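Spelled out from the first residue to the last, the chains are:
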Amino acid sequence: TEVLPTLEHNSHPSIMPSKKSQQRAPSKKNNKTTNATQTSELYEENDAQPMNWHDNASITDVNVPWFYETHSLLLLLVVLSVIFYFTFTMEGSIELGFQLVIFLFVAVGCLIFPAGPFIRPHPIVWRFIFSISVLYSFVLLLLLSQKPDDARALLRRVLNDERLGYPLQERSYAVDCTLSYSAIVGVLDRFLLAHFIGWAVKAAFIRNRAMSWIISITWEFVELATKYFIPNFAECWWDQWILDVLLCNGLGIELGLWLAKEFNVLENREHSRDWFSRRFARKTISSKFKRLFLQFTPEALYPMNWEPLSSFTRYFHINLFIIFSTLIDFNAFVLKLFLYIPTEHSLNVWRVALFVPLAVIASKQYYLYIMDKKCKKLGSQTWIIILCVVLETALCYKCAPKDFPPMPWINKVCLSIVGVVYLLFTYVVVSKTGGNPCTKQKQH
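Colleague: Account for the overall build of the chain, naming residues and giving values.
Modeller: A tally of regular secondary structure across the chain gives 15 helices and 0 strands. For the chain, the proportion of its 444 residues judged to be buried stands at 44%. Entry remark: accessible area of the chain is about 24,200 Å², with carbon and sulfur atoms responsible for 68%.

Written out as structure tokens, the structure is:
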């Protein structure tokens, strides 16, 4: 399996490949330090980190200490000021009460919740994302406890939007499958650009070409298997396999992997701390603006090596990663279909805006959990994203219409064949690895 590095916010080195993997990796010419030596040096840095550091990474590069102090008293004054202002100047209502409860929860979350392994642009940003994800799980739990019609009505009432909660006509992309100019132009929309950008981001934090292509092709098979009840998944063959897979997904994957390789810290040690290098003095206005820009970029760029076939345990973890990655995208379509949410509604955009940073940090934590000997527990962001995905799936199942169409026989046959092939491949992996669990990486 080809493994490539990528952009990373992480302030600490990730676990490097095994000795066998290092022997396969070719070293660059005219390099005084080999990749194996660099790998060992990076791991020695990581070996000094505290236990379970992937939940709260330490910050070593602080230019303005005030921004990294707690300021709990200041936050308390701000919270009380906001609460008293709105409660004594506005007319009381249930809506105002819910808004203030959400505000208080997010404020407390930004103070005490874990920030994860990323430190830029600021730990409070990642605490804020974690707070919003917990609130999202509360909303899912509330909707799951309602009857399907009551859940739809609750969304309509809370958001005060009469467009929500009523059956909608979904668009099908398989109306005209002729290779004509009008048919091709008819399927060109903003979602093609979304495919390209989305897969560039996915490849950037997955950092593995084989895994990225497996997830991409798996998604297309999911569309084929479920298009009998999801009209949006009905596409022409050239739209699905050429426009989507080869062009949008393929180019996005290659762009993400190119960015990963371009900023490989093992090959470009000068990028490990500062993209502009620290040779410039921060006394001028321009240098200070450069440092401000750096605060919104990854602090260090380290490779990640999944090695999915190195053991059965690793193979099992990678399978879970692929399943949940596919479910995140699948739930986006099924939720709007069964909850009667229009495609152009802002709820869909906000969900994507939440899951993108949450998936990035959760995938990093999950990788460290299965690879780093100092990460003994599942990361908090990984825990919450698994909870959200499972609750979404349960909500989709509960809100499915009673007149759900039966699965076509061809789908049953194909799924049976895929299941048999998967079980045979799993048997080969177990036979090859001996079924032994994979121990986490030790220092070389």
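This is not the end of the story, as more comes after the structure.
Colleague: I'd like a description of the pattern of salt bridges, backed by residues and values.
Modeller: In total, this model carries 6 salt bridges according to the counting rule given. The salt bridge partner of Glu 170 is Lys 336, with a shortest N-O separation of 3.2 Å. With Glu 170 in the loop between helix H6 (148-159) and helix H7 (181-186) and Lys 336 in helix H12 (residues 312-338), the pair connects residues that are 166 residues apart, well separated along the chain. Residue Glu 170 is classed as buried on the basis of its relative accessible area of 12%.

Colleague: Help me get a handle on the packing of helix H4 (residues 94-112) against helix H5 (residues 123-144), residues and values and all.
Modeller: Contact geometry of H4 with H5 gives a least axis separation of 8 Å together with a crossing angle of 135°. Classed by the angle they form, the pair H4 and H5 counts as oblique. The crossing of H4 and H5 is right-handed. Counted together, Ile 102, Phe 105, Val 106, Gly 109 and Cys 110 of H4 and Ile 124, Arg 127, Phe 128, Ser 131, Ile 132, Val 134, Leu 135 and Phe 138 of H5 form the full contact between these two elements. For the contact of H4 with H5, the class distribution of residues is 10 nonpolar, 2 polar and 1 charged.

Colleague: Could you give an account of the environment of Phe 333, naming the residues involved and the relevant values?
Modeller: Tracing the chain through its elements places Phe 333 in helix H12. Relative accessible area serves as the criterion here: at 26%, Phe 333 is assigned to the partly exposed category. Between the C-alpha atoms of Phe 333 and Thr 343, which are 10 residues apart in sequence, the distance is 8.9 Å. Not counting chain neighbours up to four residues away, the residues in contact with Phe 333 comprise Trp 219, Asn 232 and Phe 233.

Colleague: Tell me about the nonpolar core, and name the residues and values.
Modeller: Of all hydrophobic cores here, the largest spans 61 residues; its most connected members are Trp 306, Phe 330, Ile 385 and Leu 395. Elements represented by at least two residues in this core include exactly H5, H6, helix H8 (190-206), helix H9 (209-226), helix H10 (237-262), H12, helix H13 (346-371) and helix H14 (380-398). Top contributing element to this core by residue count: H13, with 12 residues. If you look at the next biggest cluster of nonpolar residues, it comprises 6 residues, including Ala 183, Cys 236, Trp 238 and Leu 243.

Colleague: Which residues make up unusual backbone geometry, and what are the values?
Modeller: Even without a glycine there, the phi angle at His 71 is positive, about 60°. Mapped onto the fold, His 71 is located in the loop between helix H2 (35-47) and helix H3 (72-89). Judged by its relative accessible area of 24%, His 71 falls in the partly exposed class. For Asn 160, which is not glycine, the phi dihedral falls at a positive 50°.

Colleague: How would you explain the environment of Tyr 397 if you had to name every residue and give the values?
Modeller: Here Tyr 397 lies in helix H14. Between the C-alpha atom of Tyr 397 and that of Phe 338, which follows or precedes it by 59 residues, the distance is 9.0 Å.

Colleague: Describe a nonpolar patch on the surface, and please don't skip the residues or the numbers.
Modeller: Taken together, Leu 179, Tyr 181, Ile 184, Val 185, Leu 188, Trp 237, Ile 242, Leu 246, Leu 247 and Leu 251 make up a surface patch of nonpolar side chains, about 1,000 Å² in accessible area. Within the residue set of the nonpolar patch, elements represented by two or more residues are H7 and H10. At 5 residues, H10 tops the list of elements feeding residues into the nonpolar patch. Summarising the element assignment, Tyr 181 is placed in helix H7. For Tyr 181, a relative accessible area of 71% translates into the label exposed.

Colleague: Account for the state of the cysteines, naming residues and giving values.
Modeller: Under the criterion given, the structure shown has 1 disulfide. The disulfide partner of Cys 177 is Cys 236, and the S-S distance across this bridge is 2.2 Å. Its torsion about the S-S bond being -85°, the disulfide of Cys 177 and Cys 236 is classed as left-handed. Of the two residues, Cys 177 sits in the loop between H6 and H7 while Cys 236 sits in the loop between H9 and H10, which places them 59 residues apart along the sequence. Lacking any disulfide linkage, Cys 396 is separated from the closest cysteine sulfur, that of Cys 399, by 7.7 Å.

Colleague: Please provide a residue-by-residue account of the packing of aromatic side chains, values included.
Modeller: Two numbers describe a pair of aromatic rings. These are the distance of the centres and the angle of the planes. According to the stated counting rule, one finds 22 aromatic pairs in the structure shown. Measuring from centroid to centroid gives 6.4 Å for Phe 312 and Tyr 315, while their planes differ by 35°, and the two rings are tilted. Here Phe 312 and its partner Tyr 315 are both found in helix H12, 3 residues apart, which amounts to about one turn of the helix. Plain terms: the ring middles of Phe 338 and Phe 404 are 6.4 Å apart, the flat faces sit at 70° to each other, and that makes the pair edge-to-face.

Colleague: Requested: an account of the confidence of the model for the chain, with residues and values cited.
Modeller: Confidence along the chain averages 80 in pLDDT terms, with 79% of residues attaining 70 or more. The element-level mean pLDDT for the chain is lowest in helix H1 (residues 19-24), coming to 43, with H14 highest at 95. Confidence drops under pLDDT 50 across residues 1-44; counting only partners more than four residues distant or on other chains, this segment forms 127 contacts. Low pLDDT, under 50, characterises residues 269-281; the stretch is placed with 28 contacts to residues that sit more than four places away or in other chains.

Colleague: Give a detailed account of H6, specifying residues and quantitative values.
Modeller: If you check H6, its first and last C-alpha atoms are 17 Å apart, about what 12 residues at 1.5 Å a residue would give, namely 16 Å. Where the residues of H6 are buried, they touch H5 and H12. Positive backbone phi, approximately 50°, marks Asn 160, located one or two places after H6.

Colleague: How would you explain the environment of Phe 118 if you had to name every residue and give the values?
Modeller: Positionally, Phe 118 belongs in the loop between H4 and H5. Distance from Phe 118 to Gln 365, taken between C-alpha atoms, is 9.8 Å for residues 247 residues apart in sequence.

Rules used throughout
Residues numbered from 1 in each chain as written. Predicted model: local features only at pLDDT ≥ 70, side-chain atom pairs only at ≥ 80, totals over all residues. Heavy atoms only, no water. Helix = DSSP H or I, 4+ residues; strand = E, 2+ residues; numbered from the N terminus. Buried < 20%, exposed > 50% of the residue type's maximum accessible area, 1.4 Å probe, protein only. Areas by Shrake-Rupley, 256 points an atom, 1.4 Å probe, with all protein chains shown as cover. Salt bridge = Lys/Arg side-chain N within 4 Å of Asp/Glu carboxyl O. Axes fitted to C-alpha atoms, helices over the stretch in contact; angles between N-to-C directions. Parallel < 35°, antiparallel > 145°, perpendicular 65-115°, else oblique. Left-handed = near helix turned anticlockwise from the far one by under 90°. Contact = heavy atoms within 4.5 Å. Nonpolar A, V, L, I, M, F, W, Y, C, P; charged D, E, K, R; others polar. Core = buried A, V, L, I, M, F, W, Y, C linked by side-chain atoms within 4.5 Å. Patch = residues over 30% accessible without salt bridge, like charges linked within 9 Å, V, L, I, M, F, W, Y side chains within 5 Å. Disulfide = S-S within 2.5 Å. Phe/Tyr/Trp six-rings, centres within 6.5 Å; stacked < 30°, edge-to-face > 60°. pLDDT = per-residue confidence, 0-100. Expected span 1.5 Å × (residues − 1).

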